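For reference, the chains in residue letters:
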Amino acid sequence: MKNDTMTSGASVIGLGAMGSALAAAFLNRGHATTVWNRSAEKADALVAKGAVRAPTVADAVAANKLVVVCLLNYDTVYEALGAASDVLSGRVLVNLTNGAPAQARDMAKWAAERGADYLDGGIMAIPPMIGQPEALLLYSGSKTAFDAHQRELESLGTGKYLGGDAGLAALYDLALLAGMWGMFAGALHAVALVGTEKVEAREFMSLLIPWLNAMTGGLPGLAEQIDTRDYTKDVVSNLGMQAVAYVNLIEASKSQGVSTDLIAPMHDLMKRAVAAGYGAADLSSLIELIKKSPASPG
Ligand code: FVH
């Protein structure tokens, strides 16, 4: 076993698609890497590349000061690390498992009660991107832990520290995923719609991708309207007009036999926003109907 003064090394707990990529990235950068997974055979390829297979999760935690966890969800993290409770003291626990901000804050307390420094993380990448600068990893929680292990963590991708509140990384992670899932939901509906006329998804992408890229150009203006709460600033396509066009989308979907499950919630919000007086405002005004502290239309 290595001692606590050894910083250039990491233990990786969880060798699913993402955990395996994380462990491989540490190895590729020359960091001594110990791995553990519930299904032990998932370590075989990493062991062949030089990783040490820990027989138990406690052995993995004890092997390095830096302990990176990437499991399915927080319940499985508690379940796995529960067996290593006694050896967590003095460790830096970096939990890259997807979760909610409250779960991250609770886990920070749980780790502190066991004497571990805690950093929560969100991975904005898919496994093949890990180790590349394009892979963004969000961190929040112990700044001391982040500063002390920044060099090892850089092996995984570009790191961004968000602040001392352990819940921040999960919050940003889920917010970015919301943007992604919204885009994919729209894309799926679009493809289903043209698919009713036997247009192949692959063919349609030649139109959809440039269209979506062009529309991202509107996001800075949307952000300006939201931050100033002035939803009428530089309006190009007012909500009243868009709400009328959206009816056509709903009706066309129904008549083409495509479910409106992915698009109906936006329609309901548009109707409510127009009724609330936002018809002349921009689409950005919908945020007033979903956020925590709504304002009345100006
Ligand atoms: N893969 C991705 O594209 C995304 C990218 C962004 C981040 N997510 C999150 O990363 C976490 C792990 O995701 P993953 O892709 O590695 O997931 P799986 O390949 O399904 O591996 C799951 C691992 O969790 C282990 N596990 C499940 N249940 C338990 C349990 N009760 N006790 C101990 N370990 C458990 C599983 O072990 P095994 O089935 O191999 O024995 C895998 O190691 C996740 O939060 C994503 O949201 C990935």
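Predicted, not measured: the structure shown is a model, and the values here were computed from it. (Residues numbered from 1 in each chain as written. Predicted model: local features only at pLDDT ≥ 70, side-chain atom pairs only at ≥ 80, totals over all residues. Heavy atoms only, no water.)

A word on the nonpolar core
Here's step 1: By size, the foremost hydrophobic cluster in this structure holds 32 residues, and its most contacted members are Leu22, Leu96, Ile123, Ile130, Tyr139 and Leu156.
Here's step 2: Elements with a minimum of two residues in this core: β1 (9–13), α1 (17–28), β4 (66–69), β5 (92–95), β6 (117–124), β7 (136–141) and α6 (143–153).
Here's step 3: Looking at which element gives the most residues to this core, the answer is α1, with eight residues.
Here's step 4: Discounting chain neighbours no more than four positions away, the residues touching leucine 22 are Val68, Cys70, Leu96, Ile123, Ile130 and Leu156.
Here's step 5: Judged by nonpolar contacts, the second largest core, of 23 residues, contains Ala54, Val69, Tyr74 and Leu93. (Core = buried A, V, L, I, M, F, W, Y, C linked by side-chain atoms within 4.5 Å. Buried < 20%, exposed > 50% of the residue type's maximum accessible area, 1.4 Å probe, protein only. Helix = DSSP H or I, 4+ residues; strand = E, 2+ residues; numbered from the N terminus. Contact = heavy atoms within 4.5 Å.)

Topic: the pattern of salt bridges
Here's step 1: Under the defined criterion, the tally for this structure stands at nine salt bridges.
Here's step 2: A salt bridge links arginine 105 to aspartate 165; its shortest N-O distance comes to 2.9 Å. A residue pair is termed long-range when its members are at least 10 positions apart, and arginine 105 in helix α5 (residues 101–113) and aspartate 165 in the loop between β8 (158–161) and α7 (168–195) qualify at 60 residues.
Here's step 3: We classify arginine 105 as partly exposed; its relative accessible area is 35%.
Here's step 4: We classify aspartate 165 as partly exposed; its relative accessible area is 31%.
Here's step 5: The residue lysine 271 makes a salt bridge to aspartate 268 at a minimum N-O spacing of 3.8 Å. Taken as a pair, lysine 271 and aspartate 268 lie in helix α11 (residues 264–278) at a separation of three residues, close to a single helical turn.
Here's step 6: Looking at lysine 271, the relative accessible area reads 45%, which means it is partly exposed.
Here's step 7: Overall, aspartate 268 belongs to the partly exposed group, its relative accessible area being 41%.
Here's step 8: Salt bridges sharing partners connect three or more residues here, namely Arg229, Glu288 and Lys291. (Salt bridge = Lys/Arg side-chain N within 4 Å of Asp/Glu carboxyl O.)

Some points on a nonpolar patch on the surface
Here's step 1: On the surface, Met180, Trp181, Met183, Phe184, Trp211, Leu212 and Met215 cluster together to form a nonpolar patch covering roughly 720 Å² of accessible area.
Here's step 2: When residues of the nonpolar patch are traced back to their parent elements, those giving at least two are α7 and α8 (201–216).
Here's step 3: Broken down by element, the nonpolar patch gets its largest block of residues, four residues, from α7.
Here's step 4: Position of tryptophan 181 among the secondary structure elements: in helix α7.
Here's step 5: Judged by relative accessible area, tryptophan 181 falls into the exposed class, the value being 53%. (Patch = residues over 30% accessible without salt bridge, like charges linked within 9 Å, V, L, I, M, F, W, Y side chains within 5 Å. Areas by Shrake-Rupley, 256 points an atom, 1.4 Å probe, with all protein chains shown as cover.)

Brief notes about the site of the ligand
Here's step 1: In the vicinity of the ligand, 21 residues are found, and the nearest of them are Met18, Asn37, Arg38, Ser39 and Lys42.
Here's step 2: A distance of 2.5 Å is found between an oxygen atom of the ligand and a side-chain nitrogen or oxygen belonging to serine 39.
Here's step 3: Asparagine 98 places a main-chain nitrogen or oxygen 2.9 Å from an oxygen atom of the ligand.
Here's step 4: Considered on its own, the ligand offers 900 Å² of accessible surface; in the complex 75% of this is hidden by protein.
Here's step 5: Counting residues per element, the ones that place at least two in the shell around the ligand are α1 and α4 (74–82). (Near = heavy atom within 4 Å. Polar contact = N/O pair within 3.5 Å; in protein donor to acceptor, adjacent residues only side chain to side chain.)

Digging into the packing of aromatic side chains
Here's step 1: Evaluated as defined, the whole model comprises four aromatic pairs.
Here's step 2: An angle of 85° between the planes, with centres 6.2 Å apart, marks the rings of tyrosine 231 and tyrosine 278 as edge-to-face. With a gap of 47 residues between them, tyrosine 231 in the loop between α9 (219–228) and α10 (239–256) and tyrosine 278 in helix α11 connect regions that are remote in the sequence.
Here's step 3: For tyrosine 231, a relative accessible area of 5% corresponds to the buried category.
Here's step 4: Taken together, Tyr139, Phe146 and Tyr161 form an aromatic cluster joined through their ring pairs. (Phe/Tyr/Trp six-rings, centres within 6.5 Å; stacked < 30°, edge-to-face > 60°.)

Here we look at the sheet that holds β6
Here's step 1: Spatial strand order, β3-β2-β1-β4-β5-β6-β7-β8: eight strands in an open sheet with mixed pairing. A strand with exactly one partner marks an edge of an open sheet, and here the two such strands are β3 (52–53) and β8.
Here's step 2: Of the pairings in the sheet, the one linking β4 to β5 comprises four bridges and is parallel in character. Residue pairing in the sheet places valine 68 in a bridge with valine 94 of β5.
Here's step 3: α4 contacts β1, β2 (32–36), β4, β5 and β6 of the sheet and is inclined by roughly 150° relative to β5.
Here's step 4: Strand contacts of α5: β5 and β6, with the helix running at about 150° to β6, the strand carrying the most contacts. (Pairing = 2+ DSSP bridges. Axes fitted to C-alpha atoms, helices over the stretch in contact; angles between N-to-C directions.)

Description of the pairing of β4
The two faces of a sheet get side chains in turn, since along a regular strand they alternate between them.
Here's step 1: Residues of β4 alternate between two faces, with Leu66 and Val68 on one and Val67 and Val69 on the opposite face, all of them buried.
Here's step 2: Where β1 and β4 come together, four bridges link them in parallel fashion. Directly across from serine 11, in β4, lies its bridge partner valine 67.
Here's step 3: Considered for its hand, the β-α-β crossover made up of β4, α4 and β5 is right-handed. (Right-handed = clockwise from strand over helix to strand, strands pointing away.)

These figures come from the coordinates and say nothing about function on their own.
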